[in-house]
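As a plain string of letters, each chain reads:
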Amino acid sequence: MSEDEEAPVLPPDDLEHYSGEWVAMRDGRVVAHDPDPEKLRAHPDVRETDDVFPVGEPPSGFYLINV
Amino acid sequence: MALKKVDVVIIGVGWVGGIIAAELTRAGLQVVGLERGRTRGRNTGDFQDDHDELRYAIRNELFQNTAHETWTLRHNLAENALPIRQLGSFLPGTGLGGAGVHWNGQTWRFHPRDFTAYTSTVDRYGKAAIPTGMAIQDWGVTYDELEPYYDKFEYMAGIAGKAGNIKGNLIPGGNVFEGPRSREYPVRAQGATELTSLFQKAAQELGYHPFPGPSANLPVQYKNPDGVTRGACTYCGFCERFGCEAGAKADPTTTVIPLALKTGKFELRGYSSAYAIKNDGKTGQSVLYFDASGRIQEQPADIIVLAAYVFNNVRTLLMSNLGPKYDPVTGTGTVGRNYCYQTGGGGASGWFTGQKFKRYMGSGALSMAIDDFNADNFDHSGLGFIGGGSITSGQSGARPIQSLTTPPGTAPFGRDWKVAIQKYYASAISVGFQGESPAYQAHHLDLDPNYRDSFGNPLIRITFDWQPNERKMIAFAGTKTLEIMKAINPDIISGGPGSLPAHYDTSVYQSTHNTGGAIMGADPSTSVVNSYLQMWDASNVFVVGACNFPQNAGFNPTGTVGALAYRAAEGILKYHKSGGSLV
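Bear in mind that the values here come from a model prediction, so they are computed numbers and not experimental data.

Enquirer: Would you mind going over the overall build of chain B with me for this structure?
Expert: Along the backbone of chain B there are eleven helices and 25 strands. Relative to the globule expectation of 25 Å for 583 residues, the C-alpha radius of gyration of chain B, 23 Å, shows essentially globular dimensions. With the principal axes as the frame, chain B shows a C-alpha extent of 70 × 55 × 50 Å. Taking all 583 residues of chain B together, the buried fraction comes to 59%. Within chain B, contacts between residues separated by at least 24 positions form 75% of all contacts whose residues are at least 6 apart in sequence.

Given below as structure tokens:
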């Protein structure tokens, strides 16, 4: 199997569906999502060991410019 | 027919090529430098009274022309990569001096822990702290081994700063988290401004350790050990994306390249686009390049140095079939391995309603910083991520097109927007975060199978996307920058847990720090070059630059690139004398 046919590391779930929300991920899959991080952490499907983080909107606006 | 053989041929004449050319020619070697862009019109006089933001910052006068040569991007191995024609996320330079002409001048040293990222993480947190798929490695060189070369680069470039650690003695007011320096910076730090003082005071009140950011923008005239004198900064605010008309910003065209040319042993060839190294699998024999007329030329040399930008160094190796190509599925091979970027975001912004600052004045690296949340300077237990980043508040100038900032909720155009930019142009403050970018098995560089440049050669293909570790790091960083912004106490605040978008997007400026692909290390099975940046597979080929970083740290890379260039130059001279492997 060629490398282009296999994606062993990156998550299959596309986070574009969750822009502006918090998600909980486990083994590369989104298990729950919510705009409120506290509600998400209290979600029955979410475990303490899951990766919980916000998904941002596409970048725009005011940046610290440094090269 | 091949050209006359020389001692050394260097591909790319920016900071790395310039430093190596200066060191080798002064030692008596005959050196040819191949520069893909122009070699004239790159002096301070060429930038005089040329504060043309449209020309340089919007129309990209000093950058790579993506209509001729660019890269393709995909977010994972299953996607089809597409060519990127709009510069944004990073700004590769072209022409003599490379990105060293248009950089801002932030000149950091990486932390001792950065060079032993894998070992240090496992020692403190255990192997389980490293997420599945993450591929961080040690560098094969330690901070202490690299310190003399950092020192040499800083004294050549006249870096302005305040030491926080000299030979183990911590010095309040400097960066107390930094590795030990052998001596103080060559130039006193740039002074604090009204804006950066607000950050300094707030950070101190919160118990953090603010210090002036290390800068290649001279606050006073400076004569370096090579006898090169440069003048002081006028704080015009046109650093990043521009050449420096005052010569106050350290630049290869005002420092090392003139030294090399003065010897009479450095031949510079502009509009010369190198694309491959002719080799027998063990030795590089010559460099193949297109000259200004598009004809293929062959330059033989005893020693070949790849000193171009990350992408071109890796592409040249891949085009040459030199070194084992990296396979992201098995994690084996080396050329193209550990491509990393820089994790930005997590910043906070503020606006005052009754206070104005001289934001139009500034210099590229004029800033206050804290390092309390960089590297492993804080306990990561229970945080769910490893790594960190630097937090800064800078005053790099506020140019009329790209520096207009308005509070959230302002209309993006029209009368209300015009009223808002008038009201807030001089009243804004920002606190930014620049984070590490760890390596992952899937992230790499290779040759694109579909798209080619104007010469017909394959483009470099990037496979990269944001991962949960960095997403959690940015969320954490956002809480810290917001905490500081609240302590600064402007009338309007924007910030909070930082977030990265669903996918990495190269069309918007974030940072210009690409790394990896020809990484250094102690093991030939996991690195392309040894600690002298000499190829494991071809001892007369040296590959030097940010492409050597096994992963990227939470700082700007140029200080470390400069240090590696001086170490490589030393190694090349040793090799020229004795031959063989340097380690």
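Enquirer: Looking at this structure, I do not really get the pairing of strand S21 (residues 458-463) of chain B. What am I missing?
Expert: Residues in a regular strand project their side chains so that they alternate between the two faces of the sheet. All names here are of chain B. For S21, a buried count of five out of six residues is recorded, marking the element as mostly surrounded by other parts of the structure. Pairing between strand S3 (residues 71-74) and S21: four bridges, direction parallel. In the strand pairing of S21, leucine 73 is matched with isoleucine 462. Bridge count for strand S20 (residues 444-452) against S21 is five bridges, and the pairing is antiparallel. Across the sheet, residue histidine 444 finds its bridge partner in S21, namely threonine 463.

Enquirer: Whenever I open this one, the sheet that holds strand S23 (residues 500-501) of chain B confuses me. Can you help?
Expert: Read across the sheet, four strands follow the order S2(A)-S1(A)-S3(A)-S23(B) without closing on themselves; strand pairing throughout is mixed. Each of the sheet's edge strands pairs with one partner strand only, and the pair in question is strand S2 (29-34) of chain A together with S23 of chain B. Of the strand pairs in this sheet, strand S1 (residues 22-26) of chain A and strand S3 (residues 51-56) of chain A are connected by four bridges, and their pairing is antiparallel. Across the sheet, the residue bridging to methionine 25 of chain A is aspartate 51 of chain A, located in S3 of chain A. On the sheet, helix H10 (residues 468-488) of chain B packs against S1 and S3 of chain A together with S23 of chain B and is oriented at approximately 75 degrees with respect to S3 of chain A.

Enquirer: Looking at this structure, I do not really get the domain arrangement of chain B. What am I missing?
Expert: Interfaces are often described in size by the accessible area the parts lose on coming together. All names here are of chain B. According to the domain assignment, chain B consists of domain 1 (1-160 + 251-341 + 438-462 + 512-583) and domain 2 (170-213 + 343-435 + 466-502). On a C-alpha basis, the centres of domain 1 and domain 2 stand 29 Å from each other. Facing 33 residues of domain 1, the contacting portion of domain 2 comprises 32 residues. Looking at the side of domain 1 that touches domain 2, the element that brings in the most residues is helix H5 (residues 143-157), giving five residues. Considered class by class, the residues forming the side of domain 1 that touches domain 2 number 17 nonpolar, eight polar and eight charged.

Enquirer: Even after reading the chapter, I still don't get the pairing of strand S2 (residues 31-34) of chain B, so can you show me in this structure?
Expert: Residue and element names in this part refer to chain B. Along S2, one buried face is formed by Val31 and Gly33 and the opposite face, lined by Val32 and Leu34, is buried too. Examined bridge by bridge, strand S1 (residues 6-11) and S2 share four bridges and lie parallel to one another. Paired with isoleucine 10 across the bridge in S2 is glycine 33. Traced from S1 through helix H1 (residues 15-26) to S2, the parallel crossover comes out right-handed.

Enquirer: Sorry, what's going on with the packing of H1 of chain B against helix H11 (residues 558-578) of chain B here?
Expert: Each packed pair of helices is defined by two parameters, the angle between the axes and the distance between the axes. Residue and element names in this part refer to chain B. Viewed as axis vectors pointing N to C, H1 and H11 meet at an angle of 35 degrees, and their least axial separation amounts to 9 Å. Considering how the two elements wind past one another, H1 and H11 form a crossing that is right-handed. Within the contact between the two elements, H1 uses Trp15, Val16, Ile19, Ile20, Glu23 and Leu24 and H11 uses Thr558, Val561, Gly562, Ala565, Tyr566, Ala568, Ala569, Ile572 and Leu573. When grouped by side-chain class, the residues that make up the contact of H1 with H11 number twelve nonpolar, two polar and one charged.

Enquirer: How do you make sense of the packing of helix H6 (residues 194-205) of chain B against H10 of chain B when you look at a structure like this?
Expert: Residues and elements named next belong to chain B. Here H6 crosses H10 at 110 degrees, and the two axes come no closer than 8 Å. By the angle between their directions, the pair H6 and H10 is classed as roughly perpendicular. Residues Leu198, Phe199, Ala202, Ala203 and Glu205 of H6 touch H10, and the partners they reach there are Ile484, Ala487 and Ile488. Tallied by class, the residues present in the contact of H6 with H10 amount to seven nonpolar, no polar and one charged.

Enquirer: How do you make sense of the nonpolar core when you look at a structure like this?
Expert: Generally speaking, a soluble globular protein has its nonpolar side chains buried in company with each other. Residues and elements named next belong to chain B. Ile10, Ile20, Val305, Val543, Val544 and Ala565 are the most contacted members of the largest nonpolar core, which has 131 residues in total. For this core, the element with the most residues is H11, which contributes nine residues. Two domains each donate at least three residues to this core, and these are domain 1 (1-160 + 251-341 + 438-462 + 512-583) and domain 2 (170-213 + 343-435 + 466-502). In contact with valine 305, other than residues within four places in its own chain, are Val8, Ile10, Ile11, Ile20, Phe542, Val544 and Ile572.

Enquirer: What should I look at first to understand H11 of chain B in this one?
Expert: The periodicity of an α-helix, 3.6 residues per turn, causes residues three or four places apart in sequence to face the same way. With 21 residues, H11 of chain B extends 30 Å between its outermost C-alpha atoms, agreeing within 8% with the 30 Å of an ideal straight helix rising 1.5 Å per residue. Glycine 579 of chain B, located one to two residues past H11 of chain B, shows a positive phi value of around 70 degrees.

Cut-offs applied
Residues numbered from 1 in each chain as written. Chains lettered and ligands numbered in written order. Predicted model: local features only at pLDDT ≥ 70, side-chain atom pairs only at ≥ 80, totals over all residues. Helix = DSSP H or I, 4+ residues; strand = E, 2+ residues; numbered from the N terminus. Rg over C-alpha atoms; globule rule 2.2 N^0.38 Å. Buried ≥ 20, exposed ≤ 12 C-beta atoms within 10 Å, placed from the backbone. Contact = placed C-beta atoms within 7 Å. Pairing = 2+ DSSP bridges. Axes fitted to C-alpha atoms, helices over the stretch in contact; angles between N-to-C directions. Domains from an automatic or database assignment. Nonpolar A, V, L, I, M, F, W, Y, C, P; charged D, E, K, R; others polar. Right-handed = clockwise from strand over helix to strand, strands pointing away. Left-handed = near helix turned anticlockwise from the far one by under 90°. Parallel < 35°, antiparallel > 145°, perpendicular 65-115°, else oblique. Core = buried A, V, L, I, M, F, W, Y, C linked by C-beta atoms within 7 Å. Expected span 1.5 Å × (residues − 1).

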